[in-house]
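One-letter residues, chain by chain:
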Amino acid sequence: MTIALAADERRGGGRAASSARSIGLAVLRRVGYAVGVLWGAVTVTFAALHLKSGGIIDAIIGQAAVSPEVRAQIISDYALDRPWLVQYFDYLGHLLRGDLGHSYNQGMDVTTAIGDQLAPSFELMAAGVVLALVGAIVVALLTANRPRWIRGPFAFLEIVGVSVPAFWFAILLLTVFSFQLHWFPAIGSNSFRGLVLPAIALAVAPGGTLAQVLRDGLERALDEPFVTTARSRGIRETAVLVRHALRHALMPAITIAGWLAGAFLGGAIVIENVFSRQGLGTLTVGGLGRRDFPLVSGVVLVAAAFYVVINLLIDAVYPLLDPRLRPVAPTTAGPVNAAAAGITSTASPSVSATGADQKGEG
Amino acid sequence: MTSDSDPTTDSDPTTGDPTTGDPAIGDPTIGDPTAPDPATQPGDPRTLVDVANLRVRFRLGRRSVDAVRGVSFRIDAGQSIAVVGESGSGKSVTARSLVGLAGRGAEVRADRLVIAGTDTRTLPERRWRTLRGRHIGFVLQDALVSLDPARRVGAEIAETLRAHRVVPRAEVDARVVELLREVGVPEPEARAGQYPHQLSGGLRQRALIASAIAADPELLIADEPTTALDVTVQAQILEMLAARKRAGTALLLISHDLAVVSQVADHVFVMKDGIFVEHGPTRQVLDDPRHPYTRQLLAAVPVAHARGTRLSPQPGGPVAQPRAVVGDGVVLAARDLVKTFALDGRRILTAVDDVSLELRAGETLGIVGESGSGKTTTARLLLDLERADSGAVEVDGTAWGEIDARTGARLRQHIQVIYQDPLSSFDPRYPVRKIIAEPLAVARVSRAERRTRVLELLDQVGLARDVLDRRPRQLSGGQRQRVAIARALAPRPRVIVCDEPVSALDVSIQAQILDLLADLQARLGIAYVFISHHLGVIYHVSDRVLVMKDGRIVESGDVEQVFREPRHDYTRGLLAAVPTLDGAALRPPAEPRATTVPESEGAVA
């Protein structure tokens, strides 16, 4: 077995090819799951709209008084008189062509309406994510395993950051930095300076959570024997933290970050409103108020897609951080087998019984 | 805890001026009883480490624990010394104090703590870093966790080179390969690019040693360097350390295993409860131990001449261990077992290949082999935790697989199991009384009967009743294994499969557990299948033995005969690799002389 491993190393090309194949398979499987999740979201959205008593027509008309003719016109416009199964497949068909329907309040295609607002929202979220990640990493690195007087205040601020509602924090930022100090504009979304306060407001809560998880992970990693070994080589403590501990601490933090993707999206909706920024949030709140169901369901789908994509990316990051999670090429001795393989130099050339025994012992 | 090693007697307060930082002012240690070599004086350039009255205390919240309570020693250039002790003796903390890494919450005090000519008692962290790696290389147990699992082994070795600017930046990669070759890693170029989990245990340990010696330190500290390794790999690593020593590097070996250190060390310190109870040249300590604790440690090692006697301390010297009478009834039989696992789409691993065995009442059948030999899979097949691809297992004449679930449940009571690590086989939330009573509940024993049976079992395994309400974590390792034995005994089994039952235990606890198992067998006539990688233990407990390799039985027969006249090359190799206390022939000779097949105990990965 071990001989086989050694031989593989020499035939580097073959190994790389088969390794690439198994990575490809893993990616395909992941994407398959992602498509499944999206399809589920589409179906649930459709069901929520169409299977409700009174149906979509009442929702569209709302409180307005309309004549039976107009009502009939709307029904035929939206094809609401056809069997729901036909409507469902119709809907799916449109979606596949990128057609999310027509927003009767915006007076334009939902796809266009969302597309126009996507950029400012992503700008805000990207800034928020970067701020939260960088802030959390810096704070965690500075405070992990430090005396209580350093660690304590930061831990307290993190808890405050997590528990204070984002809109209230946003208002606080506005009051201090816009209205009193006039450092940053209070509204608008066209300049970089206008991005600063909203991004901070958005980043605080998830950043606090991330910092806590990261510090916890760092402290756990710093107790590992390999960190003691690294220190015994005489390297600087910064190198110990950044080169050895951080990577291991990032694993749980990344997992949390995937979950926080939802928080960023929800947070962006609130923050955009407080700062009167353009974006998906403002669009959605407007659409909800006017019962613009095609628009709202379009936003739901975009949010679901966003969530799925973020989690796909995170799944792709794991093996980059931890080599043990990389798929093993079929011809290479895997972790279990390599661990059990024993003496490489004296192993017999026969494919031997190794890993299976290890399973029981390990 | 003898007065002759009481640290206060040899501590010298005059040397304790931390402000001078000059080791040359040190006391010449005349009459220092712990000086390994009186010929050298402290301050002598040959003295690498000079420690007097080292004390380490850990503060854990409000409690404080004195891990090291005053030890003094000196290590000179090229010297090889060993600190031997059981878990919790303070040996590792002592070693770590020498690199300023005693651990979080540790308070290190000493009258003298001079490393490579530097008084380190008030040394700032920055100056410690110039000592670590450069003057002292440090190797921790089990490279799987001591090498960063997320980094390539080459990067780990390069880290030492870069930290101390050993070679110019451009030559680092070449030097890494050279170092790997030096420690005997085949194909060093390829290995440098691999991750620790892709290497075998022996190669990992070599890579770890390479990273410790990269800056060519004068002293190499190795903390349990071979504990996680198979016996043949252990022999290779020990030979490698011996080669370093011959090349002039001083060694400080930390181990629980006297036999291992006796292979390499010139001088042994025996540590217990934070102090050295005995020290001296290795041969002298092993041949003529003076402290009762050293004697107890040596007696607990299952060596060849101890077979048939009790291992744990007995008043008045060794006492014969009554052996069970082996009956005629076959209680467990396996025929032509084959078990394969699909590794991936294409390859199949044959974990157990054509294994047959028979076990009679009151008999112990040892199964010995290295990791990956198929021992544990065989055990799982015997227990019906895994179904064989072909072949059959019969317990008390009834084969698994031919019976319905209810008969199966009854049959399971006849064959029980004890694992290496009871902690992971107990529900951590269960108190001891519930752990032991669980199999009784399954067997539909009434509640009142269960209570009396649990008490009876506690007596049988020698546990006091106050453990009944404790949870697994509140028990010591030995107590836990006793609870595991009580649980196995509960349904009155005919057979107990013991899978490395003493591998995680200290040698004195191991002795107690082995004695207990033998007593129970003599009293209750239980048959054991005893699985171990440890040849000394196997020799001590077994009537017959199977030697497994690559899923096959390569040799079997009466244990005396197999150990005395091994026929298969593999068995011979295994026996030859076992480190012995007397450093003599490793295989028991033909005549029944006091030979040693000692201890190389350790957890298998």
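Residues numbered from 1 in each chain as written. Chains lettered and ligands numbered in written order. Predicted model: local features only at pLDDT ≥ 70, side-chain atom pairs only at ≥ 80, totals over all residues. Heavy atoms only, no water.

- The Sequence similarities (unreviewed entry) comment attached to chain B in UniProt states, word for word, "Belongs to the ABC transporter superfamily." (UniProt positions renumbered as here; feature names shortened; annotations may be inferred.)

- The name given to chain A in an unreviewed UniProt entry is ABC-type dipeptide/oligopeptide/nickel transport system, permease component, with Frankia torreyi as the source organism.
- Under the Subcellular location (unreviewed entry) heading, UniProt states for chain A: "Cell membrane".

## Side note on the overall build of chain A
Then step 1. Helices and strands together make up the secondary structure of chain A, namely 15 helices and 2 strands.
Then step 2. By the burial criterion, 42% of the 362 residues in chain A qualify as buried.
Then step 3. Put simply, of all contacts in chain A between residues at least 6 apart along the chain, 73% involve residues at least 24 apart.
Then step 4. Of the accessible surface of chain A, which amounts to about 18,000 Å², a share of 68% is contributed by carbon and sulfur atoms. (Helix = DSSP H or I, 4+ residues; strand = E, 2+ residues; numbered from the N terminus. Buried < 20%, exposed > 50% of the residue type's maximum accessible area, 1.4 Å probe, protein only. Contact = heavy atoms within 4.5 Å. Areas by Shrake-Rupley, 256 points an atom, 1.4 Å probe, with all protein chains shown as cover.)

## Quick notes on the nonpolar core
Then step 1. Ile-209 and Ile-485 of chain B are the most contacted members of the largest nonpolar core, which totals 107 residues.
Then step 2. Core analysis: the next-biggest nonpolar cluster, separate from the first, contains 48 residues, Ala-136, Leu-141, Leu-197 and Ala-268 of chain A among them. (Core = buried A, V, L, I, M, F, W, Y, C linked by side-chain atoms within 4.5 Å.)

## Considering the sheet that holds strand β13 (residues 348-360) of chain B
All names here are of chain B.
Then step 1. Pairing is antiparallel across the open sheet formed by 4 strands, whose spatial order is β13-β12-β15-β16. Since the sheet does not close on itself, it has two edges, and those belong to β13 and β16 (398-399), each with one partner.
Then step 2. Pairing of strand β12 (residues 330-342) with strand β15 (residues 390-395), which is carried by 5 bridges, proceeds in the antiparallel orientation. Looking across to β15, one finds that Val-338 is bridged to Ser-390.
Then step 3. Strands in contact with helix α13 (residues 375-382) are β12, β13 and β15; relative to β13, the strand with the most contacts, it is inclined by about 60°. (Pairing = 2+ DSSP bridges. Axes fitted to C-alpha atoms, helices over the stretch in contact; angles between N-to-C directions.)

## Overview of the packing of helix α6 (residues 110-143) of chain A against helix α12 (residues 280-289) of chain A
All names here are of chain A.
Then step 1. Following both chains from N to C, one finds α6 and α12 inclined at 135°, their axes separated by 8 Å at the closest point. One element, α6, and the other, α12, form an angle in the oblique class. Contacts from Ala-113, Ile-114, Gln-117, Leu-118 and Ser-121 of α6 reach α12 at Leu-280, Gly-281 and Leu-283.
Then step 2. Broken down by class, the residue content of the contact of α6 with α12 amounts to 5 nonpolar, 3 polar and no charged. (Parallel < 35°, antiparallel > 145°, perpendicular 65-115°, else oblique. Nonpolar A, V, L, I, M, F, W, Y, C, P; charged D, E, K, R; others polar.)

## Notes on the domain arrangement of chain B
Residue and element names in this part refer to chain B.
Then step 1. Entries for chain B in the domain assignment read domain 1 (47-135 + 220-299), domain 2 (146-216) and domain 3 (330-431 + 494-577).
Then step 2. Between domain 1 and domain 2, the C-alpha centre-to-centre distance is 24 Å.
Then step 3. Of the residues lining the interface, 14 residues belong to domain 1; the matching set on domain 2 comes to 12 residues.
Then step 4. Summed over both sides, the interface of domain 1 with domain 2 buries roughly 1,100 Å², with 63% coming from carbon and sulfur.
Then step 5. On the domain 1 side of the contact with domain 2, Arg-134, Met-240 and Arg-244 bury the most area, a combined 43% of that side's loss. (Domains from an automatic or database assignment. Buried area = accessible area lost by both parts, 1.4 Å probe.)

## A word on unusual backbone geometry
Then step 1. One non-glycine residue, Asn-145 of chain A, adopts positive backbone phi at about 60°.
Then step 2. Topologically, Asn-145 of chain A is positioned in the loop between α6 and α7 (148-163).
Then step 3. Of note, the phi angle at Asn-53 of chain B is positive, near 50°, even though the residue is not glycine.
Then step 4. With respect to the secondary-structure elements, Asn-53 of chain B resides in strand β1 (residues 47-60).

## Remarks on the confidence of the model for chain A
Atom-level detail of predicted coordinates should not be read off regions where pLDDT is low.
Residue and element names in this part refer to chain A.
Then step 1. For chain A, mean pLDDT is 76; residues scoring 70 or higher make up 78% of the total.
Then step 2. By mean pLDDT, helix α15 (residues 355-361) is the weakest element of chain A at 35, and helix α10 (residues 225-232) is the strongest at 92.
Then step 3. Contacts from residues 1-14, a stretch scored under 50 in pLDDT, to residues over four places away or in other chains number 30 contacts.
Then step 4. Segment residues 329-362: pLDDT under 50, and 99 contacts once partners within four positions in sequence are set aside and those in other chains are kept. (pLDDT = per-residue confidence, 0-100.)

## Some details on the domain arrangement of chain A
All names here are of chain A.
Then step 1. Domain parsing of chain A yields domain 1 (21-68 + 75-99) and domain 2 (105-322).
Then step 2. Contacts between the two partners involve 14 residues from domain 1, matched on the other side by 11 residues from domain 2.
Then step 3. When domain 1 packs against domain 2, close to 1,200 Å² is buried across both sides, 76% of that on carbon and sulfur atoms.
Then step 4. Across the domain 1-domain 2 interface, the total number found is 1 salt bridge.
Then step 5. Between Arg-30 and Asp-315 there is a salt bridge, with the nearest N and O atoms lying 3.1 Å from each other.
Then step 6. Mapped onto the side of domain 1 that touches domain 2, the elements with two or more residues apiece are α2 (12-50) and α5 (84-96).
Then step 7. At 9 residues, the largest contribution of residues to the side of domain 1 that touches domain 2 is made by α2.
Then step 8. Residue composition of the side of domain 1 that touches domain 2, by class: 10 nonpolar, 2 polar and 2 charged. (Salt bridge = Lys/Arg side-chain N within 4 Å of Asp/Glu carboxyl O.)

## Focus: the packing of aromatic side chains
Then step 1. Applying the stated criterion to the full structure yields 8 aromatic pairs over all chains.
Then step 2. With a centroid separation of 4.7 Å and an interplanar angle of 45°, the aromatic rings of Phe-269 of chain B and Phe-276 of chain B are classed as tilted. Per residue, the accessibility class of Phe-269 of chain B equals that of Phe-276 of chain B, and both read buried.
Then step 3. Counting every residue linked through ring pairs, the aromatic cluster contains Phe-46, Tyr-88, Phe-89 and Tyr-91 of chain A.
Then step 4. Above the face of the Tyr-293 of chain B ring, Lys-272 of chain B is positioned so that its terminal group lies 5.2 Å from the ring centre.
Then step 5. Positioned above the aromatic ring of Phe-341 of chain B, the side-chain terminus of Lys-339 of chain B is 5.5 Å from the ring centre. (Phe/Tyr/Trp six-rings, centres within 6.5 Å; stacked < 30°, edge-to-face > 60°. Lys NZ or Arg CZ within 6 Å of the ring centre and 35° of its normal.)

## Re the sheet that holds strand β17 (residues 415-418) of chain B
Residue and element names in this part refer to chain B.
Then step 1. Pairing within the open sheet is mixed, and its 6 strands lie in the order β17-β18-β19-β14-β20-β21. Pairing within the sheet leaves two strands with one partner each, and these edge strands are β17 and β21 (552-558). Each strand of the sheet is rotated relative to its neighbour by a mean of 15°, with strand direction disregarded.
Then step 2. As paired elements, strand β20 (residues 544-549) and β21 share 6 bridges and run antiparallel to each other. Counterpart to Lys-549 in the pairing with β21 is Arg-552.
Then step 3. Running over the sheet, α13 touches β14 (364-368), β17, β18 (495-499), β19 (527-532) and β20 and is turned about 150° from β19.
Then step 4. Relative to β20, helix α22 (residues 569-577) is tilted by about 100°, and along the sheet it contacts β20 and β21.

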